[in-house]
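Spelled out from the first residue to the last, the chains are:
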Amino acid sequence: MTRSAAIIGGGVIGGGWAARFLLNGWNVNVFDPDPEAERKIGEVLSNARRALPALYDNAMPDEGELQFFSDMGQAVANVDWVQESVPERLDLKHKVLGALSDLAPETAVIGSSTSGFKPSELNAEGARAIVAHPFNPVYLLPLIELVGEAERTEKAAEILRGIGMFPLTLRKEIDAHIADRLLEAVWRESLWLVKDGVATTEEIDEAIRMAFGIRWAQMGLFETYRIAGGEAGMKHFMAQFGPALEWPWTKLMDVPEFTDELVDLIAGQSDDQSGHMSIRELERLRDDNVVGMIRALKRSGSGAGGVVNAHDANLLTNETKDGLPVTARRQVPASWTDYNGHMNETHYLEASSLATDRFMAIVGADESYIASGKSYFTVETHIRYLDEVHAGDKLTVTTQVMGGEGKKLHLFHRLWNGESLAATVETLLLHTDLNTRRTCLPEEAVAKAVAAYAEEHAGKDADGHGRHVGQRQAAAPSPEGAVT
Ligand SMILES: NC(=O)C1=CN([C@@H]2O[C@H](COP(=O)(O)OP(=O)(O)OC[C@H]3O[C@@H](n4cnc5c(N)ncnc54)[C@H](O)[C@@H]3O)[C@@H](O)[C@H]2O)C=CC1
Ligand SMILES: C[N+](C)(C)CC(=O)CC(=O)[O-]
């Protein structure tokens, strides 16, 4: 059964939450008195639709249904999750969380997006909320800080993992949780640097993104500093840089006064730096960069890359189409398209390569088999580009085994875009010993599984297989030239 979430307050963060739930197949009810809420959430959602599926190698579930309500009670009736994202004012949080605790089903988790209030403050007037603090953009960044009663945070963590997030449960409550305490320290220090005329907003951003911003995405602070200690590691690092904490390297505890002059200085510098782009354009630039970085981290499984890999594995399904195994299902990300406005030729091969990997896993040539020193190497591929594919299209790849005797594995992939055949990719692989780098026979279990598929697929039509470049097609309709 489709699960549902109520989003109370649909601004920057509520909009991101709505997108995260919807794109993971949940139905979403929104309550926000702002007459512009529907438009704003629509814009966030269209950015999310182009970014989030690009993280995964498997297709996401069908999107849930989005509904707007003018009555908070109706919005939360029968939902599994309620997420409060109203402005950061304790009196307002009390009012809204109190009402939600009365109106929402007993079984529903009530999460507050608060950046800084503790559960003991939020629940001081009888509410039953936990802190579920996300990061902007909520639909892309996995971290969610959970604070509150253990039974509630455990239930929340399980649900959040199901929508691809990384729950980090705090050991004890503290103002501003973990991440915002760190961010506030950098923010305070940066305000001083601008106020004292040491650096502009742009120079501070360069200092972050040209160096430690990149480092932090993959190893965080402590692992990075351990390496900075050289062979002697963390102790040497602390011996060398510990004393600096008492030098005038930091002003952390003082906060500059937010005078009109300081606000104008910072806002003016920020306009000079980024005013040439709208907020939505900046969001798309940010999203493309974040997707690219997280995809790079997927290779090693570091940080957010590991979280996305785990969710990707959950998205895998065992299906068949036309009597053949479905070996890849994925949504085409904008990054796969080119100057011609359609999927670039390289990604037809990428989709089929994912299908080959999946087929190998299906027959037992999986990660542990490869780790044991055996694998398949591709030695030849022929692609027929039959139809255009566009960003957002959902591709389904089926795999037919044309032959599997001895060391050979001869596959015929079909790339379906809905009911249209977008390409066929015929590929020959040879079983190889990864130590000697020479071909060898597969293990018996793999050989048997391949042979069983070859026998099952033997009588099936495989129109277009066995062709080479420039060969004229007999009866099938012309592909009308190259499409990439
Ligand atoms: N903006 C950020 O970077 C982050 C914000 N947060 C937290 O998320 C919460 C919301 O912040 P933003 O989304 O940035 O604020 P926002 O100002 O963009 O959105 C707040 C929304 O709440 C609506 N609202 C006001 N009163 C309401 C009520 N009584 N019932 C329902 N909706 C109501 C407003 O119309 C508005 O759409 C805050 O607690 C904030 O600390 C958490 C992580 C990051
Ligand atoms: C500025 N902020 C305190 C609202 C930031 C956050 O809470 C998290 C984020 O997304 O940076």
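Residues numbered from 1 in each chain as written. Chains lettered and ligands numbered in written order. Predicted model: local features only at pLDDT ≥ 70, side-chain atom pairs only at ≥ 80, totals over all residues. Heavy atoms only, no water.

A. Seen up close, the site of ligand 1. Contacts to ligand 1 come from 22 residues, most closely from Ile 13, Asp 32, Glu 88, Lys 93 and Ser 115. Within the side chain of Asp 32, a nitrogen or oxygen atom sits 2.6 Å from an oxygen atom of ligand 1. In the environment of ligand 1, an oxygen atom lies 3.4 Å from a nitrogen or oxygen atom belonging to the backbone of Val 86. Burial of ligand 1 by the surrounding chains reaches 74%, relative to a free accessible area of 830 Å². Elements with a minimum of two residues in the shell around ligand 1: helix H1 (12-23) and helix H4 (90-103). Looking at side-chain class alone, the shell around ligand 1 contains 10 nonpolar, 8 polar and 4 charged residues. (Near = heavy atom within 4 Å. Polar contact = N/O pair within 3.5 Å; in protein donor to acceptor, adjacent residues only side chain to side chain. Areas by Shrake-Rupley, 256 points an atom, 1.4 Å probe, with all protein chains shown as cover. Helix = DSSP H or I, 4+ residues; strand = E, 2+ residues; numbered from the N terminus. Nonpolar A, V, L, I, M, F, W, Y, C, P; charged D, E, K, R; others polar.)

B. Region of the structure containing the nonpolar core. Grouped together as the largest cluster of nonpolar side chains are 42 residues, with contacts concentrated most on Trp 17, Phe 21, Leu 55, Trp 81, Leu 140, Leu 146 and Leu 160. For this core, the element with the highest residue contribution is H1, accounting for 6 residues. Apart from the residues within four sequence positions on either side, Leu 140 is in contact with Arg 20, Ala 51, Leu 52, Leu 55, Asp 287, Val 290, Val 291 and Ile 294. By size, the runner-up hydrophobic cluster in this structure holds 24 residues, among which are Phe 31, Val 76, Ala 108 and Phe 117. (Core = buried A, V, L, I, M, F, W, Y, C linked by side-chain atoms within 4.5 Å. Buried < 20%, exposed > 50% of the residue type's maximum accessible area, 1.4 Å probe, protein only. Contact = heavy atoms within 4.5 Å.)

C. Representation of the UniProt feature "binding site: NAD(+)" (unreviewed entry) in the protein chain within the structure. Mapped onto this numbering, the UniProt entry gives "binding site: NAD(+)" (unreviewed entry) at Gly 9, Gly 10, Gly 11, Val 12, Ile 13 and Gly 14. Mapped onto the elements of the fold, Gly 10 is located in the loop between strand S1 (4-8) and H1. Setting aside residues no more than four positions away along its own chain, Gly 10 makes contact with Gly 15, Asp 32 and Ile 41. With respect to the element layout, Gly 14 can be found in helix H1. (UniProt positions renumbered as here; feature names shortened; annotations may be inferred.)

D. Quick look at the packing of helix H12 (residues 279-300) against helix H13 (residues 304-315). Where H12 contacts H13, the two axes come as close as 7 Å, and the packing angle between them is 80°. By the angle between their directions, the pair H12 and H13 is classed as roughly perpendicular. Between H12, through Ile 294, Leu 297 and Lys 298, and H13, the contact on the second element is made entirely by Ala 304, Gly 305, Val 308, Asn 309 and Asp 312. (Axes fitted to C-alpha atoms, helices over the stretch in contact; angles between N-to-C directions. Parallel < 35°, antiparallel > 145°, perpendicular 65-115°, else oblique.)

E. How the structure looks around the site of ligand 2. Taken together, Ser 115, His 133, Phe 135, Asn 136, Asp 180 and Leu 183 make up all the residues around ligand 2. A distance of 3.0 Å separates an oxygen atom of ligand 2 from a polar backbone atom of Asn 136. Measuring from an oxygen atom of ligand 2, one finds a side-chain N or O atom of Asp 180 at 2.7 Å. For ligand 2, whose unbound accessible area comes to 320 Å², protein coverage reaches 56%. Across the shell around ligand 2, the residue classes tally to 2 nonpolar, 3 polar and 1 charged.

F. Expanded view of the pattern of salt bridges. Summed over all chains, the structure comprises 23 salt bridges. Close ionic contact of Glu 206 with Arg 209 constitutes a salt bridge, the shortest N to O distance being 2.8 Å. Taken together, the positions of Glu 206 and Arg 209, both in helix H8 (residues 201-219) and 3 residues apart, correspond to about one turn of that helix. The partner of Glu 319 in a salt bridge is Arg 329, with the nearest N and O atoms 3.7 Å apart. Of this pair, Glu 319 sits in the loop between H13 and strand S9 (320-321) while Arg 329 sits in strand S10 (residues 324-331); the two residues are 10 residues apart in sequence, bridging distant segments of the chain. Through salt bridges with shared partners, one network takes in Glu 36, Arg 39, Glu 43, Arg 280 and Glu 283. (Salt bridge = Lys/Arg side-chain N within 4 Å of Asp/Glu carboxyl O.)

G. Structural detail: a negative patch on the surface. A surface patch of negative charge is lined by Glu 202, Glu 203, Asp 205, Asp 271 and Asp 272. Mapped by element, the contributors of at least two residues to the negative patch are H8 and helix H11 (260-274). At 3 residues, H8 tops the list of elements feeding residues into the negative patch. Looking at the element boundaries, Asp 205 is found in helix H8. Exposure remark for Asp 205: the relative accessible area of 35% places this residue in the partly exposed category. (Patch = residues over 30% accessible without salt bridge, like charges linked within 9 Å, V, L, I, M, F, W, Y side chains within 5 Å. Lys, Arg positive; Asp, Glu negative; His and termini not counted. Charge placed at Lys NZ, Arg CZ, Asp CG, Glu CD.)

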